[in-house]
Amino acid sequence: MEVLLRNRAALHTLPATGLYPHQWSWDSAFTAIGLRHVSPRRAQQELESLLGAQWADGRLPQIVFDRQRDEDYSPGAAFWRSEEIPGSPAVPTAGLVQPPVHARAALAVHRADEAESRRRGFLERAHPRLLAWHGYLRTRRDRGGRGLASIVHPWESGMDNSPAWDGPLSRVPDVRAGGPGVPRPDLRHADPSERPSNAEYGRYLHLAARYRDHRCDDADAGHEFVCEDPAFNALWADAELAMAEVAAALGGDRAPHEARARELTAALEPLFSPALGTYAARDVRTGELQRVATVAGLLPLLLPHLPRAAELLATLRGPRFRLGTAVMVPSHDLTAAGFDRARYWRGPSWSSTTWLLVQALRGRGAVAEARALGAQLRRSALQHGFAEYVDPIDGTPHGTRAFTWTAALALDLEL
Ligand code: 2M8
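Residues numbered from 1 in each chain as written. Predicted model: local features only at pLDDT ≥ 70, side-chain atom pairs only at ≥ 80, totals over all residues. Heavy atoms only, no water.

Colleague: Would you explain a nonpolar patch on the surface in this entry?
Modeller: Taken together, the side chains of Met1, Leu5 and Val38 define a hydrophobic patch exposed on the protein surface, amounting to about 250 Å² of accessible area. In this fold, Leu5 is placed in helix α1 (residues 2-6). According to the relative accessible area criterion, Leu5 is partly exposed, its value standing at 47%. (Patch = residues over 30% accessible without salt bridge, like charges linked within 9 Å, V, L, I, M, F, W, Y side chains within 5 Å. Areas by Shrake-Rupley, 256 points an atom, 1.4 Å probe, with all protein chains shown as cover. Salt bridge = Lys/Arg side-chain N within 4 Å of Asp/Glu carboxyl O. Helix = DSSP H or I, 4+ residues; strand = E, 2+ residues; numbered from the N terminus. Buried < 20%, exposed > 50% of the residue type's maximum accessible area, 1.4 Å probe, protein only.)

Colleague: Whenever I open this one, the environment of Leu271 confuses me. Can you help?
Modeller: For Leu271, the position within the fold is in the loop between α11 (255-268) and β7 (272-273). With 41 residues separating them in the primary sequence, Leu271 and Pro230 have C-alpha atoms 7.2 Å apart. Setting aside residues up to four positions removed in sequence, Leu271 forms contacts with Arg146, Leu148, Glu228, Pro230, Thr278, Tyr279, Ala280, Arg282 and Leu289. (Contact = heavy atoms within 4.5 Å.)

Colleague: I keep staring at the sheet that holds strand β9 (residues 282-283) and nothing clicks. Help me out?
Modeller: Each strand in a sheet pairs with its neighbour through backbone hydrogen bonds, running either in the same direction (parallel) or in the opposite one (antiparallel). Ordered in space as β5-β6-β9, the three strands form an open sheet in which the pairing is antiparallel. Looking at the sheet topology across the chains shown, the edges are occupied by β5 (150-151) and β9. For strand β6 (residues 227-228) and β9, the ladder comprises two bridges, and the chain directions are antiparallel. Looking at the pairing, Glu228 lines up with Arg282 of β9. (Pairing = 2+ DSSP bridges.)

Colleague: What is the right way to look at the packing of aromatic side chains in this model?
Modeller: The geometry of an aromatic ring pair is captured by the separation of the ring centres together with the interplanar angle, meaning the angle of the planes. Counted by the stated rule, this structure contains 20 aromatic pairs. On the numbers, 4.9 Å between centres and 85 degrees between planes, the contact of Trp24 with Tyr73 is edge-to-face. Of the two residues, Trp24 sits in strand β3 (residues 23-24) while Tyr73 sits in the loop between β4 (63-64) and α4 (77-80), which places them 49 residues apart along the sequence. We note that Trp24, like Tyr73, is buried. Where Phe30 meets Trp355, the ring centres are 6.2 Å apart and the plane angle is 75 degrees; that geometry is what we call edge-to-face. With Phe30 in helix α2 (residues 25-35) and Trp355 in helix α13 (residues 351-363), the pair connects residues that are 325 residues apart, well separated along the chain. Judged by its relative accessible area of 1%, Phe30 falls in the buried class. Across from the ring centre of Tyr201, 3.8 Å away, lies the NZ or CZ of Arg184, which sits over that ring. Taking NZ or CZ as reference, Arg212 lies 4.4 Å from the ring centre of Phe79, over its face. (Phe/Tyr/Trp six-rings, centres within 6.5 Å; stacked < 30°, edge-to-face > 60°. Lys NZ or Arg CZ within 6 Å of the ring centre and 35° of its normal.)

Colleague: So what exactly am I meant to see when it comes to the site of the ligand here?
Modeller: Residues in close proximity to the ligand total 18 residues, the closest being Asp27, Tyr73, Gly158, Asp160 and Tyr344. Trp26 places a polar side-chain atom, nitrogen or oxygen, 3.0 Å from an oxygen atom of the ligand. Between the ligand and Arg195, the relevant distance is 3.2 Å, taken from an oxygen atom to a side-chain nitrogen or oxygen of the residue. Against a free-state accessible area of 420 Å², the protein chains account for coverage of 100% of the ligand. When each cavity is represented as a set of grid points, the ligand is found to reside in the largest cavity. Split into classes, the residues belonging to the shell around the ligand amount to twelve nonpolar, three polar and three charged. (Near = heavy atom within 4 Å. Polar contact = N/O pair within 3.5 Å; in protein donor to acceptor, adjacent residues only side chain to side chain. 1 Å grid on protein atoms, 1.4 Å probe; cavity = no way out; pocket = protein on both sides within 12 Å on 5 of 7 lines; lining within 4 Å. Sits in = over half its atoms within 2 Å of the grid points. Nonpolar A, V, L, I, M, F, W, Y, C, P; charged D, E, K, R; others polar.)

Colleague: How should I be thinking about the sheet that holds strand β12 (residues 397-398) in this particular structure?
Modeller: Pairing is antiparallel across the open sheet formed by three strands, whose spatial order is β10-β11-β12. Single-partner strands in this sheet number two, and they are β10 (349-350) and β12. As paired elements, β10 and strand β11 (residues 389-390) share two bridges and run antiparallel to each other. Residue Trp350 lies in a different strand from β11, and its bridge partner there is Tyr389.

See the structure below:
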């Protein structure tokens, strides 16, 4: 609760002061899920401030920038120059997106206080924006032509330096080649051994600049990074199920959303890797499945009609992810050669993905495991000052402290 107050800025909440000085898309959704227990109205405003930065094509931006803090984070508003791109909102934003967890958050916030939600017309106002957001994914992001949304940058997965992106990223030019180094204001606030490397940043900046230079129009056939991410698409399918509830609450038709969720669940099927026992990312440019098991490949467990639930549960409980014996669920396969217990999305456990797995386990009736995992998340959050992520083997905290979504999701699990 104190963390949520401390990180508050205007109507939204920063992921953390220092390292992340702007508003992030999926962070705001997780924040609202926790905030709704303290102030349903503030939780509504958290989401409304993000929805207010929607582009004309429906996208919800990865980051909404605070111009006053542009020196403190890279790439910022001066890099993106969103105001020069047709259809961008009045506020400066990044052109990329993040995983679509917003409809799930909006439904949870509405249900926290339906009277307040109705009084403020929260759901009525959020509904068309959420529809447009999902419409953007459907019409502009099906780059593989198979009914799934593609991401065009590792940042869009929310799991930036996940080993799932090593293969596709290796084919991306590095802006550092022949040029100056990349700006890393993040390293003023974080240990370099816990952040993505300069080699990764060189490629991240190349991709972001190319996307920006094509006016973020999703029509660049030569874009070097186009991937189908199982987590992004599972969260979209789950968001469609939430939209079915939103539509019903507004007296509308839930059926098209339920149908969409079923279609997305079916479209995920070719991403299943029997060898890994998880879903895996597909590089749309080469057609190859990435042979790495990450927590992203377990998140389809959220989907009720998933044909692979038994296999995923076995993998989650097995040596790769050790549900019940690891501190929390790691972001990468514990048995993989590249597993790194301290480096960001290459091994450590995160509250966001752990919270999502708690929901998935609950949904599948694994109530005792859901309760134990949720209790472990809360214990770890309280014990380590709401660390950004922790070592999955011994629980050592890493990253920034007083991290907003860790606090918000620990609060949600307490209530
Ligand atoms: C991390 O990503 C940003 C870029 O978006 C960064 O590394 O600077 C990720 O953990 C992402 O999932 C998260 O939304 C963001 C802010 O907490 O930080």
